[in-house]
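Residues per chain are reported as follows:
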Amino acid sequence: MERITPLGRSGRAAEVKGLPGPGRCLVMGILNVTPDSFSDGGRYADSRRAIDRGLELAAQGADIVDVGGESTRPGARPVGLDEELARTVPVVRELARAGVRTSVDTMHAPVARAAVEAGACLVNDVSGGLADPAMARTVAAAGVPYVAMHWRAPSRDMDRHADYRDVVSEVTAELARRLRRLAEQGLDPDRVVLDPGLGFAKRPEHDWALLAGLGSLRRLGRPVLVGASRKRFIGAALASGGAGEVPPVERDMATAVVSGLAAVAGAYCVRVHDVRAGLDAVRVASAYLDHYARHERTPGPVREGAVGTGAVPHA
Ligand code: PMM
């Protein structure tokens, strides 16, 4: 049985070169500087409000604030480079000046380059380098960590690509190919974080399978980021559980539960809108895992009764 090896304990997948961690699953706070993101679109569309929100997320304990200037909701249209630069770079610069660790959520190499120059310490690319062939070389030259998410197609028609026979093994294989290709393009694999891309060319049943199968991704030897916050599959689970249609902004408590589950399954980072709840979730997971590790070494009823029965998702 494979031991759970979350961030900061013993697993070889727990480190990302250039990104020191707090010894638990990281919490990335979402800052969408867009008029049309699927769950918080428009709220932080102007720079001043976005900067204030970024400072607020940092004060709430976000380990990283993820600044995005282009919506990736299903059906979304691209915004154009100038607009994306104008939305993200001033916000990254101000937050970095204030000492906030920021990442930039972009598929475009020029935006990644400008954001890193403005102080971003990580590039989060939902296309994993597929949208812009210059991305890998740009990030390699910048020398920052890189999140490579599983992606099959642009948002406008990604739902047509949600077709899998075995989603866990197909996403794992596609990410393994991505990782190899990124390395061939000069990106140091030790700086890469992988992400199953929940909701991107996935139906709710695919998202749940990927969460439950996180261990398969972790076996690629790289840390895994989970972006579940407020997504459709959470809404679907709540609805099927009798809660009826729950709008995205009311999915934060359920998101926190998913964050805790992901952290227990060994996620390196969770990307969330509600940072306070996310932080609570990963702290609880961390405390649980400390005791889990201890009882794993202790034969007897506690182990058998509580955690040795397959109740814990093994990574
Ligand atoms: N999801 C969204 C945007 N960026 N980045 C990563 N690495 N993983 C994700 O799952 C992800 C992402 C879309 O959600 P949002 O509109 O709420 O930001």
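Being a predicted model, the structure only gives us computed values, none of them experimental.

Draft legend 1. Here's a closer look at the overall build of the protein chain. The helix and strand tally for the protein chain stands at eleven helices and eight strands. Here the protein chain, with 315 residues, has 54% of them falling under the buried criterion. Residue pairs in contact within the protein chain that sit at least 24 positions apart in sequence constitute 68% of those at least 6 positions apart. Put simply, the protein chain shows about 13,100 Å² of open surface, and 52% of that area lies on carbon and sulfur atoms.

Draft legend 2. Molecular detail of the sheet that holds strand E5 (residues 146-149). In space, the eight strands of this open sheet follow the order E6-E5-E4-E3-E2-E1-E8-E7, with parallel pairing throughout. The open sheet has two free edges, formed respectively by strand E6 (192-195) and strand E7 (225-226), since each of these has just one partner strand.

Draft legend 3. A look at helix H5 (residues 167-184). Here H5 spans 26 Å end to end across 18 residues, near enough to the 26 Å set by a 1.5 Å rise per residue. Residues of H5 that are buried include every one of Val167, Val168, Val171, Thr172, Glu174, Leu175, Ala176, Arg178, Leu179 and Leu182, and no others. Residues of H5 that are buried in the fold lie against helix H4 (135-142), E5, E6, helix H6 (204-212) and helix H7 (214-218). In the stretch just after H5, Gly186 is the one whose phi turns positive, near 105°.

Draft legend 4. Expanded view of the environment of Glu70. Its location among the elements puts Glu70 in the loop between strand E2 (64-68) and helix H2 (81-97). When its relative accessible area of 12% is taken as the criterion, Glu70 is described as buried. When the C-alpha positions of Glu70 and Met107 are compared, they lie 9.0 Å apart, and in sequence the two are 37 residues distant. Ignoring anything within four residues of it in the chain, the contact list for Glu70 reads Thr34, Pro78, Val79, Glu84, Met107 and His108.

Draft legend 5. Region of the structure containing the site of the ligand. As a structural note, the neighbourhood of the ligand is formed by 18 residues, with Asp105, Asn124, Asp195, Lys231 and Arg271 the closest of them. Note that a nitrogen atom of the ligand is positioned 2.6 Å from one of the side-chain N or O atoms of Asp195. A distance of 3.1 Å separates an oxygen atom of the ligand from a polar side-chain atom of His273. Taken by itself the ligand offers 410 Å² of open surface, and the protein chains cover 98% of this.

Draft legend 6. A look at the nonpolar core. Grouped together as the largest cluster of nonpolar side chains are 70 residues, with contacts concentrated most on Leu31, Val123 and Val226. A total of six residues in this core trace back to one element, the largest contributor, which is H5. The residues touching Val226, leaving out its near neighbours within four places in the chain, are Leu198, Leu211, Leu214, Ala262, Ala267, Cys269, Val270 and Arg271. Formed by eleven residues, the second largest nonpolar core is a distinct cluster that contains Leu19, Leu122, Val193 and Tyr268.

Draft legend 7. How the structure looks around the side chain of Ser127. Turning to its location among the elements, Ser127 is positioned in the loop between strand E4 (122-125) and H4. Given a relative accessible area of 0%, Ser127 falls into the buried group. Within polar-contact distance, the side chain of Ser127 engages the backbone nitrogen of Ala131 at 3.0 Å. Not counting residues up to four positions away in its chain, the partners in contact with Ser127 are Met107, Met149 and Trp151.

Draft legend 8. Fine view of the pairing of strand E8 (residues 269-272). The alternating pattern of E8 places Cys269 and Arg271 on one face and Val270 and Val272 on the opposite face, and all of these are buried. In this sheet, E8 lies alongside strand E1 (residues 26-32) in parallel orientation, the contact comprising four bridges. Within the sheet, the bridge partner assigned to Val27 lies in E8 and is Val270.

Rules used throughout
Residues numbered from 1 in each chain as written. Predicted model: local features only at pLDDT ≥ 70, side-chain atom pairs only at ≥ 80, totals over all residues. Heavy atoms only, no water. Helix = DSSP H or I, 4+ residues; strand = E, 2+ residues; numbered from the N terminus. Buried < 20%, exposed > 50% of the residue type's maximum accessible area, 1.4 Å probe, protein only. Contact = heavy atoms within 4.5 Å. Areas by Shrake-Rupley, 256 points an atom, 1.4 Å probe, with all protein chains shown as cover. Pairing = 2+ DSSP bridges. Expected span 1.5 Å × (residues − 1). Near = heavy atom within 4 Å. Polar contact = N/O pair within 3.5 Å; in protein donor to acceptor, adjacent residues only side chain to side chain. Core = buried A, V, L, I, M, F, W, Y, C linked by side-chain atoms within 4.5 Å.

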